[in-house]
Amino acid sequence: SGGAFGLVSRWLVHHSVISLIVKVPQLFLDHQPTMGYDRRNLSIYHRGGGGGNALPSSYRNKALLIIAATALYTAFLYHSGGAGQFLGTGPVAPDPNLLESARLGLSNMAAAKRKLEISTWNIAAINNNPFEYWITYDENPEYENIMTNIEAFLENPGENDVKVSEVFTEDMFAELEKRMDGVGWDNIRGYWNKDFKDRKIISGFMKDPLLGSKRLASMPDRITNTINVVGSDEPVCRPTVINMYGGDLGNLKLWWEAWEKFMFDTPLTIQTKDGTRTDPPYKMLQPIKKAKYPDITPEEEAVSLPLQTMCGAIFDAILVHMMNTVSAPDVWQSLKKTMVENLNRQKVPHTLDILEKVYVASDIVTLQEVSGSFIEQARKRALGQQYWIVSPGEMDAVRDQNSVIFLKKETFPAGPSAEITALVENSFEEGVAVPIAKGDILAITATDRDGIPFVVTSFHGDTNGLATKPVLSAIVKAMNSDSTLVTHKLVFGLDANTYEKAKPGKQQDVLEWADHYLSYGLTSCWGDKPNPSNYTTFNSRTYLQPQLNKACKKSDKRANGDVNPKDFILFGKKDFKATKTWKDNTGEKKYTEDMAFPTLNFPSDHGILATVLEPITTTEIS
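Residues numbered from 1 in each chain as written. Predicted model: local features only at pLDDT ≥ 70, side-chain atom pairs only at ≥ 80, totals over all residues. Heavy atoms only, no water.

The helix and strand inventory of the protein chain stands at 23 helices and 20 strands. Here the protein chain holds 622 residues, and the buried ones make up 50% of them. Within the protein chain, contacts between residues at least 6 apart in sequence are counted, and of these 73% link residues at least 24 apart. Entry remark: accessible area of the protein chain is about 28700 Å², with carbon and sulfur atoms responsible for 51%. (Helix = DSSP H or I, 4+ residues; strand = E, 2+ residues; numbered from the N terminus. Buried < 20%, exposed > 50% of the residue type's maximum accessible area, 1.4 Å probe, protein only. Contact = heavy atoms within 4.5 Å. Areas by Shrake-Rupley, 256 points an atom, 1.4 Å probe, with all protein chains shown as cover.)

Right, dumping it as structure tokens:
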């Protein structure tokens, strides 16, 4: 039975039979010791053995009538495709009043010729190293000159591959040794004399894979590169090339004086899980355990604190030496200052400017990797007057990266109704590990001015995209588990982290992702089947970062970079259709293909994605 008549027929049979079935508790009340009933599943059971409490014939006849009606109804549901709903294997029966309200809302929206504009953007957490990724910097040709010269220095050092002791000198090590002895660490002069001082700075140190796997240089960099301190909006940076440090690094003497003072003489108050603590950075270092990093020897593990401090100093000295070799100090430091200002310090205001001036027409904005500071600043600006700015009830205070939703007040006058993130997270398949962190998912409900109930979700996928399919499944399961939520219309903006050419079993393929959302009756702003080469990211690492194995040559930025179709907006295939979709990596509603970003004018490594939806009416569906 199809079409409108079929729907009405099913509704009449459903309610006629249910009205009879739900009388069972009253019929059996005086004759059965126990029974259970809830609004989703009819559950009739009794205790006791045979022999006693036989039902009178009148009740037996009524009971047989009930059982027959139940059997007929179940058969009807199977015939019409609804048995799964009744038996608990599919969506619960929707609340008929809310279902009708949603239908009328879509009709009202269509009659008023209103559309829904939705934008999604992974704004990207602030990167403390302005040099880590290749950027497009057309305003200053010195940028590419410096970066290509650094690439050449590391790939073909030639006579520049000098001994470590010519950069991090004997005098510097002696001063460091005195400092480390003074704090009670074991002496490591043997490692300096017999090994490190005679290594070549590039082939023997920067490109030594074993040094990398032992984490002797990258571990101290990770811990002390940029330190957020209590009571300050500005972090404190270690004197090095690869962060926002603003002091003079024009020669190694200036660098060493600042580095030594920072590590040993600068107490910093930081927030920990147990409260606050105040220590100089050397006390923040952690031992490197062989159990986690098996390449480190037991002897190195025993002295890992002084050993990583020495290696960290050598690493920073080489970076300063390289920069001052390939470029004049005033040139590269001026360039860095401009990059830090635009890519780091002004990142939040710049991002807010784009949302406020360019995407102010959006009815829904879903954002990922959002900091607490960003949320506070957004609420204080014009955006806070125009939008309900919704953040997770449980924010990620450690990574400070959260998914956030903006709802336009004109479109959603009552604001958000409820947060259902916990319901989604509790709907993951049991026993399956899903790689998500606190703050990655935000799911809320809201009703628009036409009376359409929505579930709006923002999600930041893991690097390999392996959480993306399970998260969508959990959203659908959560909505289908509730007679109210099942009537809502889903709008899902996400950084799916899908790949054009995924590594099987290790990354999420974009076309497999499309098959997954189609299986739930959803489609995307890119249609049912997205073009795998319709990219929303283009970024690649430079040689000015600790993981040289991930560095891309200038000529390989496109081939070896992260150039993939990662961002999506999903919605019900029978609810809406996209009339216009665009992506943007300029902040001007335009996308420049084959351009690495961020740029000084566009502050994220993900493009903005936007779409305009119009409702599909019942007539169009039939």
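This is not the end of the story, as more comes after the structure.
One open sheet holds the six strands; their spatial order is 11-12-13-14-18-17, and the pairing between them is mixed. The open sheet has two edge strands with one neighbour each: strand 11 (416-419) and strand 17 (522-524). Neighbour-to-neighbour, the strand axes of this sheet turn through a mean angle of 20°, independent of strand direction. Its contacts with the sheet put helix 20 (residues 468-480) on strand 12 (441-447), strand 13 (453-460), strand 14 (489-495), strand 17 and strand 18 (567-572), and the angle it makes with strand 14 is roughly 160°. (Pairing = 2+ DSSP bridges. Axes fitted to C-alpha atoms, helices over the stretch in contact; angles between N-to-C directions.)

A few words on the environment of Glu500. The residue Glu500 is located in the loop between strand 15 (498-499) and strand 16 (508-509) in this model. The class for Glu500 is partly exposed, based on a relative accessible area of 24%. Spatially, the C-alpha atoms of Glu500 and Asn531 are 8.8 Å apart, while their sequence positions differ by 31 residues. Here Glu500 is in contact with Asp509, Val510, Pro532, Ser533, Tyr535, Asn564 and Pro565, once residues within four sequence places are set aside. Polar side-chain contacts of Glu500 include one of 2.8 Å to the side chain of Tyr535. (Polar contact = N/O pair within 3.5 Å; in protein donor to acceptor, adjacent residues only side chain to side chain.)

Time to look at the pattern of salt bridges. Scanning all chains against the criterion turns up 33 salt bridges. Across the pair Glu394 and Lys438 runs a salt bridge, and its minimum N-O distance is 3.9 Å. With a gap of 44 residues between them, Glu394 in the loop between strand 9 (387-390) and strand 10 (402-408) and Lys438 in the loop between helix 19 (421-425) and strand 12 connect regions that are remote in the sequence. Owing to a relative accessible area of 56%, Glu394 belongs among the exposed residues under this scheme. Looking at Lys438, the relative accessible area reads 47%, which means it is partly exposed. (Salt bridge = Lys/Arg side-chain N within 4 Å of Asp/Glu carboxyl O.)

A few words on the nonpolar core. Grouped together as the largest cluster of nonpolar side chains are 75 residues, with contacts concentrated most on Phe168, Met206, Trp255 and Met310. Put simply, the parts of the chain that give this core at least two residues each are helix 6 (142-155), helix 7 (170-182), helix 9 (201-206), helix 11 (218-224), helix 12 (252-265), strand 6 (268-272), helix 14 (304-326) and helix 15 (329-345). At 13 residues, the largest contribution of residues to this core is made by helix 14. Non-local contacts of Trp255, meaning those with residues more than four positions away in its chain, are made with Phe168, Met172, Pro239, Leu249, Ala313, Asp316, Ala317 and Val320. (Core = buried A, V, L, I, M, F, W, Y, C linked by side-chain atoms within 4.5 Å.)

Within a regular beta strand, the side chains point alternately toward one face of the sheet and then the other, so they alternate between its two faces. For strand 8 (residues 364-370), the tally of buried residues reaches seven of seven residues, placing the bulk of the element in the interior. Here five bridges tie strand 3 (residues 116-122) to strand 8, and the two strands are oriented parallel to one another. Each residue of the ladder has a partner; that of Asn122, found in strand 8, is Gln368.

Here we take up the packing of helix 16 (residues 347-357) against helix 17 (residues 372-380). Where helix 16 meets helix 17, the closest approach of the two axes is 10 Å, and the angle between their N-to-C directions is 45°. In terms of axis orientation, helix 16 runs oblique to helix 17. As helix 16 packs across helix 17, the resulting crossing turns out to be right-handed. Between helix 16 and helix 17, the residues in contact are Val348, Pro349, Thr351, Leu352 and Leu355 and Phe374, Gln377 and Ala378, respectively. Residues belonging to the contact of helix 16 with helix 17 are distributed by class as follows: six nonpolar, two polar and no charged. (Parallel < 35°, antiparallel > 145°, perpendicular 65-115°, else oblique. Left-handed = near helix turned anticlockwise from the far one by under 90°. Nonpolar A, V, L, I, M, F, W, Y, C, P; charged D, E, K, R; others polar.)

Look at helix 7: 18 Å from first C-alpha to last across 13 residues, which is about the 18 Å you get at 1.5 Å a residue. For helix 7, the full list of buried residues reads Met172, Phe173, Leu176, Glu177 and Met180. Taken around the axis of helix 7, the buried residues stretch over an arc of 135°, which confines them to a single face. Structural note: helix 7 exposes Asp171, Lys178 and Gly182 on the side pointing more than 90 degrees away from its buried face. Among the structural elements, helix 8 (189-194), helix 12 and helix 14 are those in contact with the buried residues of helix 7. (Expected span 1.5 Å × (residues − 1). Arc of directions from axis to C-beta.)

Counted according to the given criterion, the structure contains 20 aromatic pairs. Judged by centre distance (5.9 Å) and plane angle (45°), the rings of Tyr137 and Tyr143 are tilted. The two residues Tyr137 and Tyr143 agree in class, both being buried. Seen from their ring centres, Phe454 and Phe576 are 6.1 Å apart, and the 15° between their planes marks the pair as stacked. Residue Phe454 is found in strand 13, and its partner Phe576 is found in strand 19 (residues 576-584); the two are separated by 122 residues along the sequence. Residue Phe454 is classed as buried on the basis of its relative accessible area of 0%. (Phe/Tyr/Trp six-rings, centres within 6.5 Å; stacked < 30°, edge-to-face > 60°.)

Our focus in this paragraph is the pairing of strand 13. Of all eight residues that make up strand 13, eight are buried, and the element is covered over most of its length. Burial of the side chains of strand 13 extends over both faces: Pro453, Val455, Thr457 and Phe459 are buried on one face and Phe454, Val456, Ser458 and His460 on the other. Here strand 12 pairs with strand 13 via seven bridges, running antiparallel. Bridging from a neighbouring strand, Ile444 pairs with Val456 of strand 13. Sheet topology note: the strand 13/strand 14 ladder contains seven bridges and is parallel. Bridge pairing in strand 14 places Phe459 opposite Leu494. One crossover worth recording links strand 13 to the parallel strand 14 by way of helix 20, and it is right-handed. (Right-handed = clockwise from strand over helix to strand, strands pointing away.)

A cluster of like positive charges, contributed by Arg215, Arg222, Lys292 and Lys550, occupies part of the molecular surface. Secondary-structure assignment places Arg215 in the loop between helix 10 (209-214) and helix 11. Take Arg215: its relative accessible area is 32%, and that puts it in the partly exposed class. (Patch = residues over 30% accessible without salt bridge, like charges linked within 9 Å, V, L, I, M, F, W, Y side chains within 5 Å. Lys, Arg positive; Asp, Glu negative; His and termini not counted. Charge placed at Lys NZ, Arg CZ, Asp CG, Glu CD.)

Backbone geometry follows two general trends: most residues other than glycine have a negative phi, and most peptide bonds adopt the trans configuration. Here Phe597 and Pro598 are connected by a cis peptide whose omega angle stands at 25°. The topology assignment puts Pro598 in the loop between strand 19 and strand 20 (608-615). Positive phi is not limited to glycine here, since Asn497 has a value of about 50°. By secondary structure assignment, the location of Asn497 is in the loop between strand 14 and strand 15. The class of Asn497 is buried, set by a relative accessible area of 5%.

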